[in-house]
Amino acid sequence: MRSIVASSLLALSALSAPLAAQSVGLPIGTAAPAALVQRLDGTSVDLKQYIGKTPVVIEFWATWCPNCAELEPTMHALKKKYGDRVKLLGVAVSVNQSPARVKAYAAKHKLPLEVLWDHDGNATDVYLAPATSYVVVVDKAGKVVYTGLGGKQKIDAAVAKALK
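Residues numbered from 1 in each chain as written. Predicted model: local features only at pLDDT ≥ 70, side-chain atom pairs only at ≥ 80, totals over all residues. Heavy atoms only, no water.

Visitor: Explain the packing of aromatic side chains to me, please; I cannot follow it from the model alone.
Guide: In this description, a pair of aromatic rings is defined by centroid distance and the angle of the planes. All chains considered together, the criterion is met by 3 aromatic pairs. Seen from their ring centres, Phe60 and Tyr127 are 5.8 Å apart, and the 45° between their planes marks the pair as tilted. Placement of Phe60 in strand E3 (residues 56-61) and of Tyr127 in the loop between helix H4 (122-126) and strand E6 (134-138) is noted, with a sequence separation of 67 residues between them. Of the residues examined, Phe60 reaches a relative accessible area of 0% and is grouped as buried. The class of Tyr127 is buried, set by a relative accessible area of 0%. Ring centres of Phe60 and Tyr134 lie 5.6 Å apart, and the angle between their planes is 35°; on these two criteria the pair is classed as tilted. In this pair, Phe60 is assigned in strand E3 and Tyr134 in strand E6, connecting sequence segments 74 residues apart. Like Phe60, the residue Tyr134 is buried in the burial classification. (Phe/Tyr/Trp six-rings, centres within 6.5 Å; stacked < 30°, edge-to-face > 60°. Helix = DSSP H or I, 4+ residues; strand = E, 2+ residues; numbered from the N terminus. Buried < 20%, exposed > 50% of the residue type's maximum accessible area, 1.4 Å probe, protein only.)

Structure follows, in structure tokens:
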């Protein structure tokens, strides 16, 4: 399964035009699932621990993804606008990258995300991530309110909805 997902991530990440929000991934209104990932220091963490405290924005990304790079200003703007009222997570897929490469990229670009590592593809699988630049917004109650794919997404509107 992981190789199929990895192939799909690589193929779809090359798309230059963004796909419409809510047309991919987890269905809107579903509960955000648990998913075991790792911090960049190698310790394990479950994405579920972030759910239910504040709205959460989860981006599945890679250092080599042009759509992900295009999303960086959006993520910086979200951090500036919402601060700690919203948790920003970056789940780095393990295709063609390493934790060291991810850590160096995140530091160089001053990503406003808590960067996590999806070593075995667990989060990619359970979040139905079709490609990198896949974003999921979860409200405080733990329900998915938005999914989208591509470098241009209306994440701010989804976060505003999640805060209501």
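Visitor: Can you help me understand the pairing of E6 in this one?
Guide: Successive residues of a regular strand alternate their side chains across the two faces of the sheet. With 5 of 5 residues buried, E6 is to be regarded as a mostly interior element. Residues Tyr134, Val136 and Val138 of E6 are buried on one face, and the alternating residues Val135 and Val137, pointing to the opposite face, are buried as well. Relative to E6, E3 is paired through 5 bridges, and the arrangement is antiparallel. Following the sheet pairing, Phe60 is matched in E6 by Tyr134. The hairpin formed by E6 and strand E7 (residues 144-149) contains 5 residues between the paired strands, and Gly142 there has a positive phi angle of roughly 90°. (Pairing = 2+ DSSP bridges.)

Visitor: Would you mind showing me how to read the pattern of salt bridges here?
Guide: Between side chains of opposite charge, pairing is possible as soon as their charged atoms come close. In total, this model carries 4 salt bridges according to the counting rule given. Residue Glu70 pairs with Lys152 through a salt bridge whose shortest N-O separation is 3.0 Å. Separated by 82 residues along the polypeptide, Glu70 in helix H2 (residues 66-82) and Lys152 in the loop between E7 and helix H5 (155-163) bring together distant segments of the chain. We classify Glu70 as partly exposed; its relative accessible area is 32%. Lys152 sits in the exposed class, given a relative accessible area of 60%. Measuring nitrogen to oxygen at the nearest pair gives 2.6 Å for the salt bridge that ties Lys87 to Glu114. Placement of the pair is Lys87 in strand E4 (residues 87-93) and Glu114 in strand E5 (residues 114-118), with a sequence separation of 27 residues. (Salt bridge = Lys/Arg side-chain N within 4 Å of Asp/Glu carboxyl O.)

Visitor: Even after reading the chapter, I still don't get the nonpolar core, so can you show me in this structure?
Guide: Nonpolar side chains in soluble globular proteins tend to end up buried together. Counting residues in hydrophobic clusters, the biggest one holds 29 residues, and the most contacted among them are Val57, Trp61, Val135, Val137, Ile155 and Val159. At the level of elements, E3, H2, E4, helix H3 (99-108), E5, E6, E7 and H5 are the ones that each hand at least two residues to this core. Considering each element in turn, this core owes the most residues, 5 residues, to H2. Setting aside its immediate chain neighbours within four residues, Val159 contacts Val57, Leu78, Tyr82, Val86 and Val137. In this structure, Ala32, Ile58, Ala131 and Val138 belong to the second largest nonpolar core, which totals 24 residues. (Core = buried A, V, L, I, M, F, W, Y, C linked by side-chain atoms within 4.5 Å. Contact = heavy atoms within 4.5 Å.)

Visitor: Explain the side chain of Gln153 here, please?
Guide: Counting through the fold element by element, Gln153 comes out in the loop between E7 and H5. Looking at Gln153, the relative accessible area reads 12%, which means it is buried. A polar atom in the side chain of Gln153 sits 2.9 Å from the backbone oxygen of Ser133. Separated by 2.8 Å, the side chains of Gln153 and Tyr146 make a polar contact. (Polar contact = N/O pair within 3.5 Å; in protein donor to acceptor, adjacent residues only side chain to side chain.)

Visitor: Please clarify how H3 should be interpreted in this entry.
Guide: In an α-helix, one turn spans 3.6 residues; hence positions three or four apart end up facing the same way. Taken as a whole, H3 has its buried residues at Val102, Tyr105 and Ala106. Buried positions in H3, seen along its axis, are confined to an arc of 100° and lie on one side of it. Every exposed residue of H3 that faces more than 90 degrees away from the buried side is listed here: Ala100, Lys103, Ala107 and Lys108. Contact partners of the buried residues in H3: E3, H2, E4 and E5. Phi for Lys110, located one or two positions after H3, is positive at around 50°. (Arc of directions from axis to C-beta.)

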